[in-house]
Amino acid sequence: MKAIVTIMLKNGVLDPQGKAIGHALNNLGFDQVGEVRMGKVIELELTETDAANAKEAAEEMARKLLANTVIESFKVEIVG
Amino acid sequence: MKAIVTIMLKNGVLDPQGKAIGHALNNLGFDQVGEVRMGKVIELELTETDAANAKEAAEEMARKLLANTVIESFKVEIVG
Amino acid sequence: MQAAILLFPGINRERDMILAVRQSFGREPAIVWHKETELPAGTDLVILPGGFSFGDYLRCGAMAAQSPIMRAVKAHAERGGYVLGVCNGFQIITETGLLPGVLLRNAGLRFLSMDTMLRVERNDTVFTAKWEKGAEFRAPMAHGDGNYTADEDTLDRLEGEGLVAFRYSDINRNGSARSIAGIFSPNLRVLGLMPHPENLVDPLMGGTDGKPLFDSLAAA
Amino acid sequence: MTDVNLTLAKSFGLNEEEWGKVLEIMGRTPSLTELGIFSVMWSEHCSYKSSRVWLKELPTKAPWVIHGPGENAGVIDIGDGLAAIFKMESHNHPSFIEPYQGAATGVGGILRDVFTMGARPIANLNALRFGDPALPVTKRVVDGVVRGIGGYGNCVGVPTVGGEVNFHPAYNGNPLVNAMTVGIAHQDRIFLSAAAGVGNPVVYVGSKTGRDGIHGATMASTEFDAASEDKRPTVQVGDPFTEKLLIEACLELMQTDAIVAIQDMGAAGLTSSSVEMAGKGGVGIELNLDDVPQRETGMSAYEMMLSESQERMLLVLKPERSNMARAIIEKWDLDYAVIGHITDTGRIVVKHKGQTEADIPLSPLADAAPLYNRPIAETLKPAKLGPITSHAPLDQALMKLVGSPDLCSRRWIFDQYDSSVGGQTVKRPAQADAAIVRLDGSNRALAITTDVTPRYCVADAEVGGAQAVAEAWRNITATGAKPLAITDNMNFGNPEKPEIMGQFASAIKGMAAACKALDFPVVSGNVSLYNETEGKPILPTPAIGAVGVLADAAQAVGYGLVSGLSLVAVGDT
Ligand SMILES: Nc1ncnc2c1ncn2[C@@H]1O[C@H](COP(=O)(O)OP(=O)(O)O)[C@@H](O)[C@H]1O
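What you see is a predicted model; the values in this text were computed from it and never measured.

Here we come to unusual backbone geometry. Here the phi dihedral of C87(C) falls at roughly 60°; this positive angle occurs in a residue that is not glycine. With respect to the helices and strands, C87(C) occurs in the loop between β4 (82-86) and α3 (88-96). Non-glycine residue D80(D) carries a positive phi angle of around 60°. For D80(D), a relative accessible area of 55% translates into the label exposed.

All names here are of chain C. Mapped onto the present numbering, the UniProt feature "active site" (unreviewed entry) falls at C87, H196 and E198. A stretch of 112 residues holds the annotated residues, and the largest C-alpha distance among them is 11.0 Å, short enough that they meet in one place. Note that H196 resides in the loop between β11 (190-193) and α5 (211-219). Residue H196 is classed as buried on the basis of its relative accessible area of 0%. Those residues in contact with H196 that sit more than four places away from it in its chain are R13, G50, V86, C87, A139, P140, M141 and A142. Structurally, E198 can be placed in the loop between β11 and α5. Classification of E198 by relative accessible area gives buried; the value is 2%. A distance of 2.7 Å separates the side chain of E198 from the side chain of H196, its partner in a polar contact.

Let us now look at the side chain of T128(C). Residue and element names in this part refer to chain C. Within the secondary structure, T128 sits in the loop between β6 (112-120) and β7 (136-143). Owing to a relative accessible area of 0%, T128 belongs among the buried residues under this scheme. A polar contact of 2.8 Å, which involves the side chain of T128, links it to the backbone oxygen of R122. Of note is the side chain of T128, whose polar atom sits 2.6 Å from the side chain of T125.

A separate point is the pattern of salt bridges. A complete count under the given rule lists 53 salt bridges over all chains for this structure. Of the charged contacts, one joins E34(D) and R28(D) as a salt bridge, the two residues approaching to 2.8 Å between their closest N and O atoms. With relative accessibility at 2%, the residue E34(D) sits in the buried group. Assessed through its relative accessible area of 39%, R28(D) is described here as partly exposed. What you see here is one network of salt bridges that share partners, running through R119(C), E121(C), E152(C), D156(C), E159(C), R167(C) and R178(C).

Conventions and cut-offs
Each chain has its residues counted from 1, running along the sequence as written. Chain letters start at A and ligand numbers start at 1, both assigned in the order the entries are written. Per-residue local features of the predicted model are confined to residues with pLDDT of at least 70, and side-chain atom pairs are confined, for both listing and counting, to 80 or more; whole-chain, interface and lining totals are unaffected and use all residues. The side-chain values count all of the structure's non-hydrogen atoms but skip hydrogen atoms and water molecules. Numbering of helices and strands runs from the N terminus, with a helix taken as a DSSP run of H or I at least four residues long and a strand as a DSSP run of E at least two residues long. Exposure is judged per residue with a 1.4 Å probe applied to protein chains only, and the accessible area is read against the type maximum: over 50% gives exposed, under 20% gives buried, and values in between give partly exposed. UniProt positions are given in the numbering used here, feature names are shortened, and annotations may be inferred rather than shown by experiment. Here, two residues are considered to be in contact whenever any of their heavy atoms come within 4.5 Å of each other. We define a polar contact as two N or O atoms separated by no more than 3.5 Å, with the added condition that, inside protein, one atom must be a possible hydrogen donor and the other a possible acceptor, whereas residues neighbouring each other in sequence contribute only through side-chain atom pairs. Salt bridge, as used here, is a side-chain nitrogen of Lys or Arg placed within 4 Å of a carboxyl oxygen of Asp or Glu.

Written as structure tokens, this is what we have:
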């Protein structure tokens, strides 16, 4: 199974990268762009074959290491 | 509309970050983890109201700025 | 004061730190590999030096914070032991939860390598006794992620309890909340800061502005 | 199955005559893997086939030279039983395709050349050339290159202490990224690449092998055209964290007596490292590719032999020490694999999945390598400058000069490079004419600089070449240090054009004369040819990296003016 962990800064936490990207897009003439947020996505190949177990394991990994829950929130999706 | 651009290193391109994260997860006792790949996700708020147009615009932004198409591939999803 | 310097893979300012400690303490620090589970007996001060532990590939300091040795460091801190984290060491300490907040990417998104000025917010601690309160000193910075961030309540509490150790006093180049460059734990025994006092302890390398930190510790 | 024939050989960069030589050496049609090995070993990048006849003119000897050109880097005696080991290398083409990774892997490559000899790297420098600063592409390249150099150098913890940068439209489609590393070793612990000891294990250390940059070495040897921007060869991604582990692991292993020979896997990775190690040692080598640590599945022998995956080393070990060596390498979380052994056959034999994929005699591979004495033509010298017509007031003229891209402050660049890590940097960028780095545990310091002024070389390549050496010498001298030796990076256009070869030959002549006059030998270097875009060459750019020594670091002189001193001009104006 494959787990996809998406990690975003929590609302209210300043996102300097997202801000810079938004600026750059506006400068390139993309006027339709408003707020931009940037996050990480981590794809994990898991030997686990049960989707529920895989999800639980990936969530534990996210809590323990992948995300810093002081500033980040995460969501886990199981595919394949 | 909101566009979510997910950017991953192309297949075959070394992913030092994914590699190090995989190692760290194994060391933490998550033995079920095989290959790990890390990418970026960029959420764009667009004033555009038509989904097809929004997608096209986001794809152009990805090609022009967000992704480094020499080594990265991207996909765009329109939500909300 | 017996110091132990932790060595995580990817750390690169351990030799700088050894030079500074050797000079002020008059004795060699112990070097401790990250896979150890215990600190050397008699360790008073644990130092986490700068660098790029595990490449800083996930978040700065995140993977090092999970190293076996960090459990011993937490226990040491809980016993009231001294801990000093500089740059990546500061990031590791915040990831471990020994100090609050996080270090985000610099506001300008560029690595910053230059001298900055720091103000000493209090001098009644083992780390800062050799400075005057309010003294300003020069310290080299070398980081890409030094933008100190915490929620407003945490920041208010840090200020209210006098736990801000150093502030950028010239320009706040990395965008840190309230110009915070370094903070103490509530018992004033854990210090984390971004700039590198250990790189200014020798007139030959441009000055001795950073030496009081090590002299203070040596005298404690 | 791909047909191996002249057409394929040509697409691999070999010409008809070279293909003929391959057939003669092999006595049969080579396999694909064999052709790949010939093509990279005989590429300009590895064989120096156009430049070798001229490089011989450079003086390479002095009583303080321990190893001149021919090793991974040059080695000089700096007193106290210590040696300085240094070299400069280009990563020009990759830095245009992907500026960040191109520059980053350039830094990684030159670091490996230096620590492979047993030196701890103590300083990085660079010499950069970019196109017209007004062009968007230049901004993208400058930004990526600077971040790439910083990203890699800062992470491995080697201070970037100096460099130089110029702008000129001739570099619009072909920027130059030349990176230099200086390291320090004990003279009695210098490691060379000549393999020895029949039966000794050949050991692979570092990152796993992927399909990175296959045919990068041949790419660096052919001209650029607009299409290559689309071809997008597999770009190598740098992993400075693994490099840092590799440095520490190798230096730790070098404290023991396990290593017979060691070589980094640079351009044409496994091919050039194994061929060079066995060739230099006058032995043979047999590799079994089944045992190569692989990042991707289904890699062929051809791909593995030509992969340019970064952060890898090849070692020949004493068999009785190999377990201890493995323990050290694995302590640093690096891959360790025995992938072959040394033989006495004088051949390189490559096996994969039970098949012999290559079996080539080593000495003709090296000795019969093509060597060209290419025609040279005098370069047309630009017209003499006319009389100065503008008489702008001095203050305005000064402002214009100070504000010009070639003279303005470089702070934006070096503020992104960690110049103090290591705690030994006595003079950082913009503090002296050369960077000064003290040697740990000693009063001694090295003075290091990079210099060249391409517009002088366009005007007169011989004078320009001499001037570059002289400027480096002056920059070292101005700090109070004694200049000892140089490394160079010869960046030129297409050597098949007589006027380019003429520039090259003249620059070498000028450099040689200056080196002789100043007792300033060349101990290492690199040649980068075919720096052209759509037939237009870059300016001739023989970058010089120089090293000098100061017995007492405290005596280093900087250029910060202090009030109360007198200014004295020396020499004719
Ligand atoms: N690409 C670079 N990387 C690092 N340092 C640089 C670079 N370019 C210039 N510098 C530093 O900036 C300072 C000024 O450079 P330059 O204008 O070339 O002056 P100089 O002619 O005195 O060497 C020098 O100390 C030089 O080492």
